[in-house]
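# Chain and residue survey
Chain by chain, the residues:
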Amino acid sequence: MLVVARVGQHGSFTFLPTGMVYSEQLVVIAIPSNSAFCTLQSRIHEIWARFFGSSMKDDLRYTPSDCFETFPFPENWETNPTLEAVGKEYEEYRAELMVRNNQGLTDTYNRFHDPDERDPNILKLRELHTKMDRAVLDAYGWHNISTQYDFLLDYEEEPGENTSRSEFESKRNIITEILEQSTADLSNEAKICAKKLLKELFPRLVEVELSNRDWSDWEQTWTKKKHIASTRYFKRYFAYGIPEDDISDESLAVFFNQLNIENASNISNEIVKITRDASCIDTFITESYRKLDGLSSSASFKLALALAKMGDYFSKSDTLYSLDTPFIKTGILISHLIEKFDASDNKVKLSKQIIQTANPVYFAIECFKWIYASTQDDEQEDSFDLSSKPKTITFAKENLFSESEIRNLAEVVINRIEDITKEKVIYNEYPERAREIITFWACWSSKEKTNNYLKIVFDKSPHSSVDFLKCYIPTALSTLMRTFYPTSLPLKNNLDKDTYNQITSVVDPELLIKHLRKIYGEKLDSPTFDRQNENQSLEELAACQFVYIHNKILADPTN
C-alpha cells in the first residue's frame, strides 16, 4: 500500500505491506505502483496538495478528498515506463539511504531541505528527486518547464510568503502555459476578453501576472467576500441554489447565533436538520472550525456536548477507505471546543460530562484520544498511541490537563466499558469496534481485568472465543474489482504477528487457545499458516494462524 502521513511537514509517501492495521494518522492509497509513487512524491503533486489541502500549524494536512481525489494524473500514467523506472530508482535509493543512516523519513527530508547540507548521499537524493520531477512534467507534456531549484533564506522572504522564488516561477510558468493553451484557438480580441473574465473569477491570476507572492490570506479574504475563487463558494456559482453537500450561510448563521440559548438536545436536533441526514456533515464540521474563535465558553461546551451525543450519526459517513472521516474530525473538533472553556469553568468537570455523554462508548474513546493528544508536546503530538500502556506521560509545558486529570478522564471511559460488560459481551455488541474498546480497557486499566472478563465469557460459551478472535482478523483493501466498483473492496486478511501481539496484550494466549481447542480440536495440534482447503472457514484459518504463531514464539522467543 502507498501511504502518507495525514499531517506532516514534508508530505512523504512510502510503501507499507498489506495485512497491517494502519494508524489513523496515515492516509492509505491502494495503488501499489512505482509510477503512482513517482507522481505523488513529485513536487508537482506537492504544489497541488499544498494549494488544495489545509494545514495544521505549519505542516501539510493531506486530506484525500481535497489533495488526492481532485488531482489530475498524467495521461496513461499507469503504463508509463519512465515513471515506473524513475519512481523505483528514487524509492529504493531513499530506503537504502535511511537504513544506512539509521534515520526515518522526517530526519532524511529535514536534511534534504537544509541548504547547508552537503553530504554526497543527500545531494544524490536531490538529483534523483529532480529527475523524478522531470519525468512527471514530461508525462504531462510540459517539456519547457525548468526543474532547476534553489534555496530561499529566511531573511529573503516577504511577509506571509509561503513559496520560494523558484517554486513561484514554476507555478507562474505552469499557469501561463495553461492560459495560453486554453485560449490558443481564440482571436486576439476574444483572448483579451477571456483572460479578463478569468482574472475576475480568479483574482490570484492578477497576482501571478504582477509577480506578487504575498498570498497568505487570500482564502480567508475570498471566503469572507463569498468570491467564486474561494474553496467554500466555488461550487455554488455553478448550481441553481445550494449544492446537495453544502449548507446555506443563513442556516449556519442562525445555528451558531442560537448556541448560547439552546440546550444540547435541541442543538443535536438542529445539526441533524441542517446537515440533511448526514449528507452535509463535512461542510458543517469545516464551518464549525471556522467559527471556533468567535464561540464563547458556554457555546463551545453546548456544541461539544451535542456533538458527543451523536457518534452514531457521524459513523454513517465513516468508511474503510478514508481515515479522514467525519467521525474522526468530530472527535478532533470536540477537543478544540474544550480548549475554548474558560479556566473558571472547571474544564475537567465539563470534559468528564462530555466523555460520559459521548455515544456510543467507542466515540467516547475517540473524544478522549484527541483530548489526550492535546496534552502532548510537539514531538509526541503526531505519534501518540493509545495502544501502548501509558506508564508515564510526557506533557507539554502549557497543557490543557495534568497527568492525573487525564487519568481521571480515562477512568470515566473505563467505568462505562465495565458497566457494559456486566450485561453484554462487548465484542458481540460492537463487533467492528471491539478491538479498540478492549485494547483501551487493557491499556488504561490492566490486562488482568480484560483477561478475567474474557475468561468468564469463554467459560460460559467456548464458541465465544471464536467470535472474539474474529474481531481481530485484519481487513485489507483489494483493487482486483476496480473494473466494476469505484473503490477498493474490503477483504479479510491473514492474522499476522502484529495482530497476535494485539490479542495477547488483552488476553493470555494459553487461555484463548484452550477454548479454541474446544471448537477445533485436533486441527490445532499441528496447524499451518496457509489455508488448507477451500472449505476451511475464515475463523478456523485465523485460529490455526494464531496457534501457529504462538508455537513459533514458544520455540524461539526472539522470532
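The text that follows walks through the structure, step by step, so that each part is easy to find. (Residues numbered from 1 in each chain as written. Predicted model: local features only at pLDDT ≥ 70, side-chain atom pairs only at ≥ 80, totals over all residues. Heavy atoms only, no water.)

## A closer look at the overall build of the protein
Scanning the protein from terminus to terminus reveals 27 helices and 8 strands. Across the 559 residues that make up the protein, the buried fraction comes to 46%. Within the protein, residue pairs in contact and separated by at least 24 positions form 64% of the contacts whose partners lie at least 6 positions apart. For the protein, the accessible surface area stands at approximately 28,700 Å², while carbon and sulfur atoms represent 50% of it. (Helix = DSSP H or I, 4+ residues; strand = E, 2+ residues; numbered from the N terminus. Buried < 20%, exposed > 50% of the residue type's maximum accessible area, 1.4 Å probe, protein only. Contact = heavy atoms within 4.5 Å. Areas by Shrake-Rupley, 256 points an atom, 1.4 Å probe, with all protein chains shown as cover.)

## Describing unusual backbone geometry
With an omega of 0 degrees, the peptide bond between Asn359 and Pro360 qualifies as cis. For Pro360, the location among the structural elements is in the loop between helix H17 (347-357) and helix H18 (361-373). Phi is positive for Asn76, close to 60 degrees, though the residue is something other than glycine. Tracing the backbone through its elements, the reader meets Asn76 in the loop between helix H3 (64-68) and helix H4 (81-101).

## A closer look at the environment of Gly19
You can see Gly19 is positioned in the loop between strand S3 (13-15) and strand S4 (26-29). Spatially, the C-alpha atom of Gly19 lies 6.2 Å from that of Pro474, the residues being 455 residues apart in sequence.

## A few points about helix H25 (residues 497-504)
Regarding H25, the residues found buried are Thr499, Tyr500, Ile503 and Thr504. What you see down the axis of H25 is that its buried residues fit within an arc of 135 degrees, all on one side. Packing partners of the buried residues in H25 comprise helix H23 (447-460), helix H24 (464-470), helix H26 (509-520) and helix H27 (538-555). (Arc of directions from axis to C-beta.)

## A short note on the packing of aromatic side chains
For the structure shown, the criterion picks out 31 aromatic pairs. Their ring planes at 35 degrees and their centres at 4.4 Å tell us that Trp48 and Phe52 sit as a pair that is tilted. Of the two residues, Trp48 and Phe52 both sit in helix H2 (residues 43-52), 4 residues apart, roughly one turn of that helix. Taking relative accessible area as the criterion, Trp48 reaches 22% and is therefore assigned partly exposed. Owing to a relative accessible area of 35%, Phe52 belongs among the partly exposed residues under this scheme. (Phe/Tyr/Trp six-rings, centres within 6.5 Å; stacked < 30°, edge-to-face > 60°.)

## A few points about H2
Buried residues of H2: Arg43, Ile44, His45 and Ala49, and no others. At its buried positions, H2 is contacted by S3, helix H1 (34-41), strand S6 (59-61), H3, helix H5 (105-112) and helix H6 (120-140).

## Section: the nonpolar core
Counting residues in hydrophobic clusters, the biggest one holds 99 residues, and the most contacted among them are Leu303, Phe368, Tyr427 and Phe468. Per element, the largest residue contribution to this core is 11 residues, and it comes from H18. Of all hydrophobic cores here, the second largest spans 35 residues; its members include Val27, Phe68, Leu128 and Ile145. (Core = buried A, V, L, I, M, F, W, Y, C linked by side-chain atoms within 4.5 Å.)

## Points about the sheet that holds S3
Here 3 strands make up an open sheet; going across it, the order is S3-S1-S4 and the pairing antiparallel. Either end of the sheet is taken by a strand with one partner, and the two such strands are S3 and S4. Each strand of the sheet is rotated relative to its neighbour by a mean of 30 degrees, with strand direction disregarded. Bridge count between strand S1 (residues 2-5) and S4: 4 bridges; the pairing is antiparallel. Residue pairing across strands places Val4 opposite Val27, the latter belonging to S4. (Pairing = 2+ DSSP bridges. Axes fitted to C-alpha atoms, helices over the stretch in contact; angles between N-to-C directions.)

## A look at the sheet that holds strand S2 (residues 7-8)
Taking strand neighbours across the sheet as the criterion, the 3 strands line up as S2-S6-S5 in an open arrangement whose pairing is antiparallel. Of all strands in the sheet, those with a lone pairing partner are S2 and strand S5 (54-56), marking the two edges. In this structure, S2 lies alongside S6, joined through 2 bridges in antiparallel fashion. Bridged to Val7 within S6 is Arg61.

## As for the pattern of salt bridges
The tally for this structure, following the rule as stated, stands at 20 salt bridges. Put simply, Glu46 and Arg50 hold a salt bridge, and the shortest N to O gap is 3.0 Å. Note that Glu46 and Arg50 are positioned in helix H2 at a spacing of 4 residues, about one turn of the helix. The partner of Asp459 in a salt bridge is Lys455, with the nearest N and O atoms 3.1 Å apart. On the criterion of helical spacing, the pair formed by Asp459 and Lys455 is a turn pair, its members being 4 residues apart in helix H23. (Salt bridge = Lys/Arg side-chain N within 4 Å of Asp/Glu carboxyl O.)

## Here we look at the packing of H4 against H6
Where H4 contacts H6, the axes come no closer than 10 Å and their chain directions differ by 160 degrees. In terms of orientation, H4 and H6 fall into the roughly antiparallel class. Read as a crossing pair, H4 and H6 show a hand that is left-handed. Along the contact surface, H4 presents Thr82, Leu83, Val86, Glu89, Tyr90, Tyr93, Arg94, Leu97 and Arg100, while H6 presents Asn121, Ile122, Lys124, Leu125, Leu128, His129, Lys131, Met132, Ala135, Val136 and Ala139. For the contact of H4 with H6, the class distribution of residues is 12 nonpolar, 3 polar and 5 charged. (Parallel < 35°, antiparallel > 145°, perpendicular 65-115°, else oblique. Left-handed = near helix turned anticlockwise from the far one by under 90°. Nonpolar A, V, L, I, M, F, W, Y, C, P; charged D, E, K, R; others polar.)

## Quick notes on the packing of H18 against helix H22 (residues 434-444)
In the contact formed by H18 and H22, the axes pass within 10 Å of each other and the chain directions differ by 50 degrees. The angle between H18 and H22 falls in the class oblique. In this structure, H18 meets H22 at a crossing whose hand is left-handed. In contact with Val361, Tyr362, Ile365, Glu366, Phe368 and Tyr372 of H18, H22 contributes Glu436, Ile437, Phe440 and Trp444.

## A few points about the pairing of S1
Relative to S3, S1 runs antiparallel, the two being bridged by 3 bridges. In the sheet register, Leu2 faces S3, and the bridge partner there is Phe15.

## A closer look at the side chain of Arg111
Within the secondary structure layout, Arg111 lies in helix H5. If near-sequence neighbours (up to four positions away) are discounted, Arg111 is found in contact with Asn101, Gln103, Glu117, Asp119, Ile122 and Arg126.

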